[in-house]
Amino acid sequence: MTKVVRSPAAWQRLRASALRGKSVGFVPTMGALHAGHLSLLRRSKRENGVTVASIFVNPTQFNDKKDLEKYPRPLAQDLALLNSAGADYLFLPDFRAMYPDGYRYKVTENDLSRALCGAHRPGHFDGVLTVVMKLLNIIGADRAYFGEKDYQQYLLVKGMAEAFFLRAKIIPCPTVREKSGLALSSRNALLPPKLKPLAPELRRALVESSSARAAAKTLARKGFKVDYVEDRLGRRFAAAYLGTVRLIDNVKI
Ligand code: PAF
């Protein structure tokens, strides 16, 4: 049975008593769990004595209020999934618990966070890095697992952990995809049924196009509103809207 802990102080007491000396693997999430999250949990369970997930829809990383409001929150279903995946604990804080400072303090990265998604979502990575710093400090994780679908996020978190000498090792895990090639994402649930069949074209365009520019053109022709397609660090990154839903993906090139 997955045990739910809501307050940072309660978790820290547990970490210092019953969980003292145990290796703790951590899977931070915003809920609406899918097979991608479950693959992170499985890996954590293989590599650690105790596995803890968190669910916190972090307002500071949403630059669009509507996006925050419509973000899916199927908590009962998430709890059932965590149970069946064998997660030992769920850390489930509220905003006040996570931001006693009201977000006066934040972590800012000044280079990679301004590119790709950061160029289109002002403040997004400040919110991500700040909440991940808080979560890593609270949980006292030995290892934390991040999906490669959010590759820019993974690189920024890893850089932060190194820059601030954090205890947790940041571990990337491969993107889990539907048979169609569509990367699993909590946002896929928001795609209207009429647009869903188009969504796998995002990855197809990244893989099959001869350049980032060609991929952007193909996507626009197919009906996506493209934020960016860019080659960087040996990968091709993209973000594009289908209707009002923003999808991201990246592939090795
Ligand atoms: O990838 C996510 O779900 C979020 O950005 C994270 C890492 C849980 C921080 O809120």
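Computed from a predicted structure; not experimentally measured. (Residues numbered from 1 in each chain as written. Predicted model: local features only at pLDDT ≥ 70, side-chain atom pairs only at ≥ 80, totals over all residues. Heavy atoms only, no water.)

1. Regarding the overall build of the protein chain
If you tally the helices and strands in the protein chain, you get ten helices and nine strands. A compact globule built from 253 residues should have a C-alpha radius of gyration of about 18 Å, and the protein chain, at 18 Å, falls within 12% of that. Each principal axis of the C-alpha atoms in the protein chain carries an extent, and together these give about 60 × 40 × 35 Å. Split into buried and exposed, the 253 residues of the protein chain put 53% on the buried side. Taking the contacts inside the protein chain whose residues are at least 6 apart along the sequence as the reference set, 70% of them involve residues at least 24 apart. Entry remark: accessible area of the protein chain is about 12,400 Å², with carbon and sulfur atoms responsible for 53%. (Helix = DSSP H or I, 4+ residues; strand = E, 2+ residues; numbered from the N terminus. Rg over C-alpha atoms; globule rule 2.2 N^0.38 Å. Buried < 20%, exposed > 50% of the residue type's maximum accessible area, 1.4 Å probe, protein only. Contact = heavy atoms within 4.5 Å. Areas by Shrake-Rupley, 256 points an atom, 1.4 Å probe, with all protein chains shown as cover.)

2. Quick notes on the pairing of strand 5 (residues 143-147)
Along any regular strand, the residues point their side chains to alternate faces of the sheet. Of the pairings in the sheet, the one linking strand 2 (residues 24-29) to strand 5 comprises two bridges and is parallel in character. Across the sheet, F26 pairs through a bridge with A144, a residue of strand 5. Examined bridge by bridge, strand 5 and strand 6 (residues 169-173) share five bridges and lie parallel to one another. Bridge pairing in strand 6 places F146 opposite P172. In this fold, the crossover linking strand 5 to strand 6 by way of helix 8 (residues 151-163) has right-handed handedness. (Pairing = 2+ DSSP bridges. Right-handed = clockwise from strand over helix to strand, strands pointing away.)

3. Observations concerning helix 9 (residues 201-208)
Every buried residue of helix 9 is accounted for by E201, L202, A205 and L206. Relative to the axis of helix 9, the buried residues are bounded by an arc of 140° and lie together on one face. Close packing links the buried residues of helix 9 with helix 10 (212-222), strand 7 (225-232), strand 8 (235-242) and strand 9 (245-252). (Arc of directions from axis to C-beta.)

4. Here we look at the sheet that holds strand 9
Ordered by their spatial adjacency, three strands build an open sheet running 7-8-9, and the pairing between neighbours is antiparallel. At either end of the open sheet lies a strand with only one pairing partner, and these are strand 7 and strand 9. Within the sheet, the average angular offset between the axes of one strand and its neighbour, ignoring direction, is 10°. Of the strand pairs in this sheet, strand 8 and strand 9 are connected by eight bridges, and their pairing is antiparallel. Pairing of Y241 across the sheet is with R246, part of strand 9. Across the sheet, helix 9 lies against strand 7, strand 8 and strand 9, angled at about 30° from strand 9, the strand it touches most. Docked against the sheet, helix 10 engages strand 7 and strand 8, running at close to 160° with respect to strand 7. (Axes fitted to C-alpha atoms, helices over the stretch in contact; angles between N-to-C directions.)

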